[in-house]
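Residue strings, one per chain:
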Amino acid sequence: MANSTTETLIGGLVLATAAGFLIYSGQTIGLSAGGDARYEVKAAFTSAQGVNVGSVVRMAGVEIGVVSDMALDLSTYQAVTTLAIDESVAIPDDSDVKIASEGLLGGTFIEITPGASPDAFAAGDEFMFTQGAVDLLTLMMRFASGGDEG
């Protein structure tokens, strides 16, 4: 009987731990159980290399949202990303957005640099000033070869 009780307690502990991991992973990729009010804005990049749905959006190094959708615009051949931004963050409508890297071996994220406009983005608006991902391998090869060819 003691073995059965012990096994039941250990099983319950394993299930509670698994549930904790599921909740944590859901929050990490932006699938919270409600309460997080967000609005969506769009940004079109010539290259969105390294960015995926669930990638972090930061302003001044602070996480303010996630990438909620990505698609290829077949008329401009740009990667159109949809950014889900925390509703408490008002982004000036002259801000710019770029794809940044956490270092040579780090991951990529989207960095918003705020502008000075008194007007803020509304849901569905699009960034006018964007900078796509920089290919570090190409940059290093240009540097090694003298940087003259384009």
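The coordinates are above.
All values derive from a computational prediction rather than experimental measurement.

What to know about the pairing of strand β3 (residues 62–73)
- Both strand β2 (residues 56–59) and β3 contribute to a ladder of 4 bridges, which runs antiparallel. Bridge pairing in β3 links arginine 58 to glutamate 63.
- The antiparallel pairing of β2 with β3 creates a hairpin that spans 2 residues between the two strands, and alanine 60 there sits at a positive phi of about 55°.
- As paired elements, β3 and strand β4 (residues 78–86) share 8 bridges and run antiparallel to each other. Directly across from methionine 70, in β4, lies its bridge partner threonine 81.

Brief notes about the nonpolar core
- Judged by nonpolar contacts, the single largest core of 21 residues is most densely connected at Leu83, Ile85, Ile91, Ile110, Ile112 and Phe127.
- Of all the secondary structure elements, the ones that give two or more residues to this core are β1 (38–45), β2, β3, β4, β5 (96–101) and β6 (108–113).
- Excluding its chain neighbours within four sequence positions, the residues that come into contact with phenylalanine 127 are Val41, Lys42, Ala43, Leu83, Ile91, Ser95, Asp96, Val97, Ile112 and Phe121.

Description of a nonpolar patch on the surface
- A surface patch of nonpolar side chains, about 570 Å² in accessible area, is lined by Val134, Leu136, Leu137, Leu139, Met140 and Met141.
- With respect to the element layout, valine 134 can be found in the loop between β7 (129–131) and α2 (136–144).

Side note on the sheet that holds β6
- Read across the open sheet, the 7 strands follow the order β1-β4-β3-β2-β6-β5-β7; overall the sheet is mixed. Of all the strands in the sheet, just β1 and β7 have a single pairing partner and so form its edges. Averaged over all neighbouring strand pairs, the angle between strand axes comes to 30°, with direction disregarded.
- With 6 bridges joining them, β5 and β6 adopt antiparallel strand pairing. Each residue of the ladder has a partner; that of valine 97, found in β6, is isoleucine 112.

Considerations on the packing of aromatic side chains
- Scanning the model with the defined rule gives 1 aromatic pair in all.
- Aromatic side chains phenylalanine 121 and phenylalanine 127 sit 4.5 Å apart centroid to centroid with 50° between the ring planes, which places their arrangement in the tilted category. Phenylalanine 127 shares its class with phenylalanine 121; the two are buried.
- Its guanidinium or amino end placed over the ring of phenylalanine 109, arginine 58 lies 4.5 Å from that ring's centre, counting from NZ or CZ.

Thresholds, definitions, all that
Residues numbered from 1 in each chain as written. Predicted model: local features only at pLDDT ≥ 70, side-chain atom pairs only at ≥ 80, totals over all residues. Heavy atoms only, no water. Pairing = 2+ DSSP bridges. Helix = DSSP H or I, 4+ residues; strand = E, 2+ residues; numbered from the N terminus. Core = buried A, V, L, I, M, F, W, Y, C linked by side-chain atoms within 4.5 Å. Buried < 20%, exposed > 50% of the residue type's maximum accessible area, 1.4 Å probe, protein only. Contact = heavy atoms within 4.5 Å. Patch = residues over 30% accessible without salt bridge, like charges linked within 9 Å, V, L, I, M, F, W, Y side chains within 5 Å. Areas by Shrake-Rupley, 256 points an atom, 1.4 Å probe, with all protein chains shown as cover. Salt bridge = Lys/Arg side-chain N within 4 Å of Asp/Glu carboxyl O. Axes fitted to C-alpha atoms, helices over the stretch in contact; angles between N-to-C directions. Phe/Tyr/Trp six-rings, centres within 6.5 Å; stacked < 30°, edge-to-face > 60°. Lys NZ or Arg CZ within 6 Å of the ring centre and 35° of its normal.

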